[in-house]
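Each chain, written out:
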Amino acid sequence: MDQHRYTHSLDRPCRECAVERARELKLDRILVPLDGTPASEFALPYAAMVSRWLRAELTLFHVVHPGPPFHFYRPGLVRYPDALHDRANLLASAYLGEIVTRLTAKGLRARWGVATGDAAQLIPSRASDGGYGLIVMAVRPRAPSRRRFSPGVLERMWRHVATPTLFLHERRVAGDNSDPPAPGEFVVPMGGDPSAGEVTPYAAALAGASGARVTLLASLVTKRRQQSELRAGDGGSGTQSPLARMQEMAAYLREDRITVQTEMRAGIPARAIVSRQAEAPGSWVVMTSFMPAGLSRTVFGSTADGVLRTARGPVLVVPVASVARKRAEALRLTMQDAPLPGAGP
């Protein structure tokens with residue numbers, strides 16, 4: 001948790017500390033995938049809001065579907081001109097360029113990029129290899145029974161993401177591209193795994209820059225476990241309990257003069273988190289996840305998956321460090337032989 005610690009003087013504004021921390025976390029570079037649909041543009045106001053908080057640069061990114069001959073391209077083969085593909089690139093460039101013009105007119109730093117390939121791999125790859133610290137995208141999660149046989153971009157992308165991602169449920173965010181209200185609260189779940197503490201620097205950066213308070217939420221499955229935590233205050237087995245970890249995180253955040261409150265609830269974690277967010281309209285959830293994929297995710301699920309499908313507001317999912325490293329390396333190996341977009345091998 002001290003990896004991104006930033007020590008500041010007592011008279012230095014907390015927002016400056018948050019911006020400095022965001023720079024260390026690479027949150028000053030934000031990738032915003034857009035597929036050309038109005039629903040995908042729901043992410044723009046939220047990306048712009050975070051950009052203002054953290055003085056970040058936005059990169060709008062569009063992936064062109066690889067039709068023939070690109071769909072069957074292999075390294076070492078000759079690539080032939082494709083008029084349809086070239087036209088798709090021109091249209092995507094004009095589309096993104098127009099949005100960049102609108103954003104820069106509002107005082108934001110923005111650029112754009114277009115690539116050809118599989119969006120589920122190219123988006124995580126561009127974020128990981130390009131040094132981006134955050135992805136902001138609108139999604140429509142599918143039910144477990146449906147995604148098993150008909151996965152969407154989110155479901156296929158979930159197994160590759162190595163970068164913290166702010167997910168916005170298309171059906172639960174404002175769809176008029178107006179500026180959404182700034183969150184007054186960030187709900188930070190504290191699970192039983194020590195990796196939950198890895199989210200602390202991200203919560204500190206966002207809360208410090210926005211001026212919102214942080215609620216640390218320990219959701220324990222049973223009331224007996226909750227009462228045991230309150231009485232003992234430690235794990236009793238040499239490991240730190242959720243309560244002790246929560247108190248440590250609260251002290252960490254208060255050093256940056258961030259308003260923090262702690263709360264414990266009994267019940268299924270995903271339901272407790274969604275319920276707590278619903279009690280504070282406009283709040284955001286900031287959480288870590290091991291991001292299980294494939295059959296494991298379908299059968300056993302995950303807390304982040306359950307929250308994402310039912311949350312009433314934005315959800316920032318931060319892959320735990322060990323998972324992020326493995327996925328970043330896997331993406332690098334997978335994409336290193338892929339052709340450059342718009343160029344020959």
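Scroll up for the structure.
Here is a short report on the structure shown in this document.

Counting residues in hydrophobic clusters, the biggest one holds 68 residues, and the most contacted among them are Val-32, Trp-53, Leu-54, Leu-60, Phe-186 and Leu-216. It is helix H2 (residues 43–54) that contributes the most residues to this core, nine residues altogether. Setting aside residues no more than four positions away along its own chain, Leu-60 makes contact with Val-32, Leu-34, Leu-44, Leu-96, Ile-99, Val-100, Leu-103, Arg-111, Trp-112 and Gly-113. Counting residues in hydrophobic clusters, the runner-up holds 32 residues, among them Leu-122, Val-161, Val-187 and Met-287.

An ideal rise of 1.5 Å per residue puts 16 Å on twelve residues; H2 measures up with 17 Å between its terminal C-alpha atoms. Within the sequence span of H2, burial applies to Ala-43, Leu-44, Pro-45, Tyr-46, Ala-47, Ala-48, Met-49, Val-50, Ser-51, Trp-53 and Leu-54.

This model, assessed by the stated rule, comprises 14 salt bridges. With a shortest N-O distance of 2.9 Å, Asp-256 and Arg-21 are connected by a salt bridge. Placement of the pair is Asp-256 in the loop between helix H9 (242–254) and strand E8 (260–266) and Arg-21 in helix H1 (residues 14–24), with a sequence separation of 235 residues. Overall, the relative accessible area of 0% leaves Arg-21 in the buried class. A salt bridge links Asp-118 to Arg-156, with the nearest nitrogen and oxygen atoms 2.9 Å apart. Pair noted here: Asp-118 is in the loop between strand E3 (109–116) and helix H4 (119–129) and Arg-156 is in helix H6 (residues 153–158), with a separation of 38 residues, a long-range link.

Before going further, it helps to spend a moment on the sheet that holds strand E10 (residues 315–319). Taken in spatial order, the ten strands make up an open sheet running E3-E2-E1-E4-E5-E10-E9-E6-E7-E8, and their pairing is mixed. Every other strand in the sheet has two partners, leaving E3 and E8 as the edge strands with one partner each. Shown here is a sheet whose adjacent strand axes are inclined to one another by a mean of 25°, direction ignored. In this fold H2 packs onto strand E1 (29–33), strand E2 (57–64), strand E4 (134–139), strand E5 (165–169), strand E6 (185–190) and strand E9 (284–289), with an angle of close to 175° to the strand it touches most, E1. Across the face of the sheet, helix H10 (residues 269–278) comes into contact with E6, strand E7 (213–220), E8 and E9 while running at roughly 150° to E7.

Its identity as a non-glycine residue notwithstanding, Arg-257 has a phi of 60°, on the positive side. Structurally, Arg-257 is set in the loop between H9 and E8. Arg-257 sits in the partly exposed class, given a relative accessible area of 47%. The backbone phi angle of Met-291 is positive, close to 50°, even though this residue is not glycine. Taking relative accessible area as the criterion, Met-291 reaches 1% and is therefore assigned buried.

Mapped onto the secondary structure, Leu-58 falls in strand E2. Judged by relative accessible area, which is 0%, Leu-58 ranks as buried. Considering only alpha carbons, one finds Leu-58 and Ala-47, eleven residues apart in sequence, at a separation of 7.5 Å.

About the cut-offs
Residues numbered from 1 in each chain as written. Predicted model: local features only at pLDDT ≥ 70, side-chain atom pairs only at ≥ 80, totals over all residues. Heavy atoms only, no water. Core = buried A, V, L, I, M, F, W, Y, C linked by side-chain atoms within 4.5 Å. Buried < 20%, exposed > 50% of the residue type's maximum accessible area, 1.4 Å probe, protein only. Helix = DSSP H or I, 4+ residues; strand = E, 2+ residues; numbered from the N terminus. Contact = heavy atoms within 4.5 Å. Expected span 1.5 Å × (residues − 1). Salt bridge = Lys/Arg side-chain N within 4 Å of Asp/Glu carboxyl O. Pairing = 2+ DSSP bridges. Axes fitted to C-alpha atoms, helices over the stretch in contact; angles between N-to-C directions.

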